[in-house]
Amino acid sequence: MAFLELTDIRKQFGQAVAVEDFNLKVDRGEFVSFLGPSGCGKTTTLRMIAGFEIPTEGSVTIDGADITNKAPNQRNVGMVFQSYALFPNMTVAQNIGFGLRIRKESESAIKERVDEMLALIHLEQKGHSYPSQLSGGQQQRVALARALAIRPQVLLLDEPLSALDAKIRVSLRAEIRAIQRKLGITAIYVTHDQEEALSISDRIVVMSQGHMEQVGTPFEIYNFPQTAFVASFVGTLNTTTAEVVDSAKGILQIDGARLATAEKLDGRQKGDKVTIAIRPERFSFASEQKKANVVDCRIENITFLGSIVRIQVSIGSGKYFMDTFNNPFLELPKVGDKDQVTCSREAVLVLKD
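Residues numbered from 1 in each chain as written. Predicted model: local features only at pLDDT ≥ 70, side-chain atom pairs only at ≥ 80, totals over all residues. Heavy atoms only, no water.

> Please explain the overall build of the chain as it appears in this structure.
Along the backbone of the chain there are eight helices and 20 strands. Its C-alpha atoms give the chain principal-axis dimensions of roughly 75 × 50 × 35 Å. Accessible surface, the chain as shown: approximately 17,200 Å² in total, 48% of it carbon and sulfur. Taking the average location of the 41 positive side-chain charges in the chain and that of its 42 negative ones, the two points are 2 Å from each other. (Helix = DSSP H or I, 4+ residues; strand = E, 2+ residues; numbered from the N terminus. Areas by Shrake-Rupley, 256 points an atom, 1.4 Å probe, with all protein chains shown as cover. Lys, Arg positive; Asp, Glu negative; His and termini not counted. Charge placed at Lys NZ, Arg CZ, Asp CG, Glu CD.)

> Any chance you could explain the packing of helix α2 (residues 92-102) against helix α4 (residues 136-149) here in plain terms?
Any two packed helices are characterised by how steeply their axes cross, that is the angle between the axes, and by the distance between the axes. Closest axis-to-axis distance for the α2/α4 pair is 7 Å, and the angle between their directions is 25 degrees. By the criterion of interaxial angle, the relationship of α2 to α4 is roughly parallel. Considering only the axes of α2 and α4, their crossing is right-handed. For the pair formed by α2 and α4, the contact residues are V92, N95, I96 and L100 on the first element and V142, A145, R146 and A149 on the second. (Axes fitted to C-alpha atoms, helices over the stretch in contact; angles between N-to-C directions. Parallel < 35°, antiparallel > 145°, perpendicular 65-115°, else oblique. Left-handed = near helix turned anticlockwise from the far one by under 90°. Contact = heavy atoms within 4.5 Å.)

> Even after reading the chapter, I still don't get the environment of V190, so can you show me in this structure?
Positionally, V190 belongs in strand β8 (residues 186-191). Sequence separation between V190 and L46 is 144 residues; the distance between their C-alpha atoms is 7.5 Å. Leaving out residues up to four positions away in the same chain, V190 has contacts with F34, K42, T43, L46, L157, D158, E159 and P160.

> Explanation requested: the packing of α2 against helix α3 (residues 107-120) in the structure shown.
Two elements in contact, α2 and α3, have axes whose closest approach is 9 Å; the angle formed by their N-to-C orientations is 125 degrees. Considering their axes alone, α2 and α3 lie oblique with respect to each other. Crossing of α2 against α3: the hand is right-handed. Residues V92, A93, I96, G97, L100 and R101 of α2 form the contact with α3, whose own contacting residues are E107, I110, R113, V114, M117 and L118.

> Just to check I follow, could you spell out the sheet that holds strand β9 (residues 203-208) for this structure?
Within a sheet, neighbouring strands are paired by backbone hydrogen bonds and run either parallel or antiparallel to one another. The strand order across the open sheet formed by six strands is β6-β7-β8-β3-β9-β10, and the pairing between neighbours is mixed. Unpaired on one side and paired on the other, β6 (77-80) and β10 (211-216) mark the two borders of the sheet. Going from strand to strand, the sheet's axes swing by 15 degrees on average, the running direction of each strand aside. The pairing of strand β7 (residues 154-158) with β8 spans five bridges and is parallel. The partner of L156 across the bridge, within β8, is I188. (Pairing = 2+ DSSP bridges.)

> I'm lost on the sheet that holds strand β1 (residues 4-13) in this one. Help?
Taken in spatial order, the four strands make up an open sheet running β2-β1-β4-β5, and their pairing is antiparallel. The strands lining the two open edges of the sheet, one partner per strand, are β2 (16-26) and β5 (65-66). Strand direction decides the pairing type here: β1 and strand β4 (residues 57-62), joined by five bridges, are antiparallel. Directly across from R10, in β4, lies its bridge partner E57. Together, β1, β2 and β4 form the strand contacts of helix α1 (residues 42-50), whose direction differs from that of β1 by roughly 120 degrees.

> Just checking my understanding: could you explain the pattern of salt bridges for this structure?
For side chains bearing opposite charge, pairing can occur when the charged atoms are close. Evaluated as defined, the whole model comprises 15 salt bridges. Of the charged contacts in the structure, one is a salt bridge between R47 and E53, with a shortest N-O distance of 3.6 Å. Overall, E53 belongs to the buried group, its relative accessible area being 18%. With its nearest N and O atoms 3.0 Å apart, the salt bridge here joins R173 to E195. Of this pair, R173 sits in helix α5 (residues 166-183) while E195 is found in helix α6 (residues 194-200), placing the two residues 22 residues apart along the sequence. Given a relative accessible area of 46%, E195 falls into the partly exposed group. Here the salt bridges do not stand alone but share partners, grouping K11, R47 and E53 into one network. (Salt bridge = Lys/Arg side-chain N within 4 Å of Asp/Glu carboxyl O. Buried < 20%, exposed > 50% of the residue type's maximum accessible area, 1.4 Å probe, protein only.)

> What is the right way to look at the environment of F3 in this model?
Mapped onto the fold, F3 is located in the segment before β1. Note on F3: relative accessible area 5%, which makes it buried. For the pair F3 and R113, spaced 110 residues apart in sequence, the C-alpha to C-alpha distance is 25 Å.

Structure follows, in structure tokens:
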């Protein structure tokens, strides 16, 4: 039985449907990210778990108990907000212990728990400081400690790192994941940052316009996108329309070139159109190695991206990207050169309609 379960969730504001047909089962101790653009319904779904919004339809259960219509203070969940939401007139220790005081725990128990949380977030010396005396990253650590202090059944994080600069985000997301693993707490994390979701999640729920597009591990989401939206939103991807040449053998045609896919084309007839996707890193030059698909191309552009060199090639009338790792001895072609690129059958993904 799932620890956290959302069943047939629908949320409507007036005539606008924010979330629809949302079904998810989360295991105890799992770290699940809701990933999608602004307005896709991910924060609304999180708020329904927290109790700040009540579903128009459907149910939310934690450890078998139905909490759908319970108030936030009647649910044992911890929430970390994007804006930190710390009390400016309270010290760090008072902020962390706030929820415990609301629950009327003894002062000795509160002090013990606060000290434990300060050690967990490595801010033992900051207990008497005020939020204004802390950096953004330190404030977010305090917000995390406050959410964890009440020993919640589920930890909810609403884009907690979006206000921080890039380097701090990377280090703090790793710290959040390490703390979650150490405590074994079930966590739901909302983000629009694909790299963030891919790097810290056990599973990712990709959302678009209130719907679940795909649920899977980071490996599955990145390597095997099921819809055109997931393919375009997660990572860089070449997508194009291909024509079925031979469904039994998986032969397709794009821009005058033929490609073979390992995916089944059951129900497709010769001449049918399908959308295919190929990750840039799945292409390589045929001179380096030859795979199932070898096609003629022309070098259109070369972009240096640090550890990656991105090469744009034209195949027929279409333009595609290929990525190769940078190294000091890399010999690059010149713009305008004619060459051949290759990829495996497994690299050619056929997306759902």
